[in-house]
Amino acid sequence: MYKIYFAPLQGYTEDAYRRLHNKYFGGVEAYYTPFVRLEHGELRSKDMRDVRPEFNEGVNIVPQVIANGGEEMSVLVDYLKSLGYRRIDVNAGCPFPLQTRHGRGAGLLVAPDRFEELATVMKKNNDIVFSLKMRLGMDDVCQWKQCIDTINDMPLCHVVMHPRIATQQYKGEVCLSAFDEFLTACKHPVVYNGDICSVEEIKSLEERYGERLVGVMIGRGLLARPSLAQEYASESALSQGMLIMKIKQMHEGLLEHYKKVIPGEAQQLMKIRSFWDYMEPTIGRKQWKKIVKAGNMKNYLLKVNELTS
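Note that the structure is predicted; figures quoted are calculated from it, not measured. (Residues numbered from 1 in each chain as written. Predicted model: local features only at pLDDT ≥ 70, side-chain atom pairs only at ≥ 80, totals over all residues. Heavy atoms only, no water.)

Some details on unusual backbone geometry
Of note in the backbone geometry, Asp-195 takes a positive phi value of approximately 60 degrees without being a glycine. The partly exposed category is assigned to Asp-195, whose relative accessible area is 34%. A positive phi is found at Glu-235, a non-glycine position, where the angle reads about 55 degrees. Glu-235 gets classed as exposed once you look at its relative accessible area, which sits at 62%. (Buried < 20%, exposed > 50% of the residue type's maximum accessible area, 1.4 Å probe, protein only.)

Quick word on the layout of surface pockets
The volume enclosed by the largest pocket comes to roughly 560 Å³. In terms of lining residues, the largest pocket is bounded by 29 residues, among which Pro-8, Leu-9, Gln-10, Phe-96 and Tyr-170 are the most central. Taken together, the elements giving at least two residues each to the lining of the largest pocket come down to β8 (129-137), β11 (213-218) and α9 (220-224). No other element matches the three residues that β8 contributes to the lining of the largest pocket. Partitioning the lining of the largest pocket into residue classes produces 16 nonpolar, nine polar and four charged. In this structure, the second largest pocket encloses a volume near 320 Å³. Together, 18 residues line the second largest pocket, and Glu-14, Asp-15, Lys-46, Arg-49 and Asp-50 are the ones closest to its centre. Counting residues per element, the lining of the second largest pocket draws most heavily on helix α2 (residues 45-50), which supplies four residues. Taken together, the residues of the lining of the second largest pocket break down into eight nonpolar, three polar and seven charged. (1 Å grid on protein atoms, 1.4 Å probe; cavity = no way out; pocket = protein on both sides within 12 Å on 5 of 7 lines; lining within 4 Å. Points joined across faces, edges and corners; volume = space filled by probe spheres on them. Helix = DSSP H or I, 4+ residues; strand = E, 2+ residues; numbered from the N terminus. Nonpolar A, V, L, I, M, F, W, Y, C, P; charged D, E, K, R; others polar.)

Some details on the packing of aromatic side chains
Enumeration according to the criterion identifies 10 aromatic pairs in this entry. Residues Phe-96 and Tyr-170 carry aromatic rings whose centres are separated by 6.1 Å and whose planes lie at 50 degrees to one another, so their mutual orientation is tilted. Here Tyr-170 lies in the loop between β9 (156-165) and α7 (176-185) and Phe-96 lies in the loop between β7 (87-92) and α4 (97-100), a separation of 74 residues in the sequence. Look at Tyr-170 and you get partly exposed, because its relative accessible area is 35%. Both rings, one in Phe-275 and one in Trp-276, keep their centres 5.0 Å apart while their planes meet at 90 degrees; by these two values the pair is edge-to-face. A relative accessible area of 7% means that Phe-275 is categorised as buried. (Phe/Tyr/Trp six-rings, centres within 6.5 Å; stacked < 30°, edge-to-face > 60°.)

So, the side chain of His-257
Mapped onto the secondary structure, His-257 falls in helix α11 (residues 240-261). When residues no more than four places from it in sequence are discounted, the contact partners of His-257 are Ala-16, Arg-19 and Arg-49. (Contact = heavy atoms within 4.5 Å.)

Interpretation note: all reported values are geometric properties and have no functional meaning in isolation.
Right under this line is the structure:
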């Protein structure tokens, strides 16, 4: 049975979401945090808060960093070490131009010299267990090849591969033929990431790859069906009634959190409504539309309370 890792999604899988998902659903080996990065040479305060140990008690998290080379990487690793972390993930797969044009994320895949700088930082920090999250390339599915020797020389516990190129972002088909080639070339354990939305899809990967994979990383699939990892681990699907009940419980906890940290009901509504962004397949289009189109908190809560199996 594969280990299930919860992929980081900016604006969704923040500390409160992780705590509540772990409480009501679980089934996840580790929750990867949205990446910690430098902005104008300084750590962002929101990133620093998200990885504070006191906000992640009882949850197995792996903080993720994104850097354009060794200098940024060193600052980020030193900060996380100061908080007591000894497990760090390095992002070489973010497809968004805001990051790639600065040489971060998937932008590293076309800059082998800076990729090597990351490897140097990893080797200097031999008290840290590193992993790498990446894509096949920026605009070509073969660009990973110019970095594979460096990847194989990195001290990594595993590599998470999303078999798309950055210019696709999250659209279009994954390229399994290129993934198969990478899997053969990579000397590290490999975790598959991309378009996993059901237990059946995880089992399909098991049938195709067997022990050649050590796990799968799921992001949008878990946002859409928070029970997915639990159902895979237990080999038993939740009834729709139980699933809706747990979703409501998690939602209630998240709303209570937002009321404490976000001033203003309109701002709270804007934030909590994103909880449902990916959940249309689970709750049905009719009920989903009523919830996401509610114009004020009173109507919104009324529609959430009306949610049934």
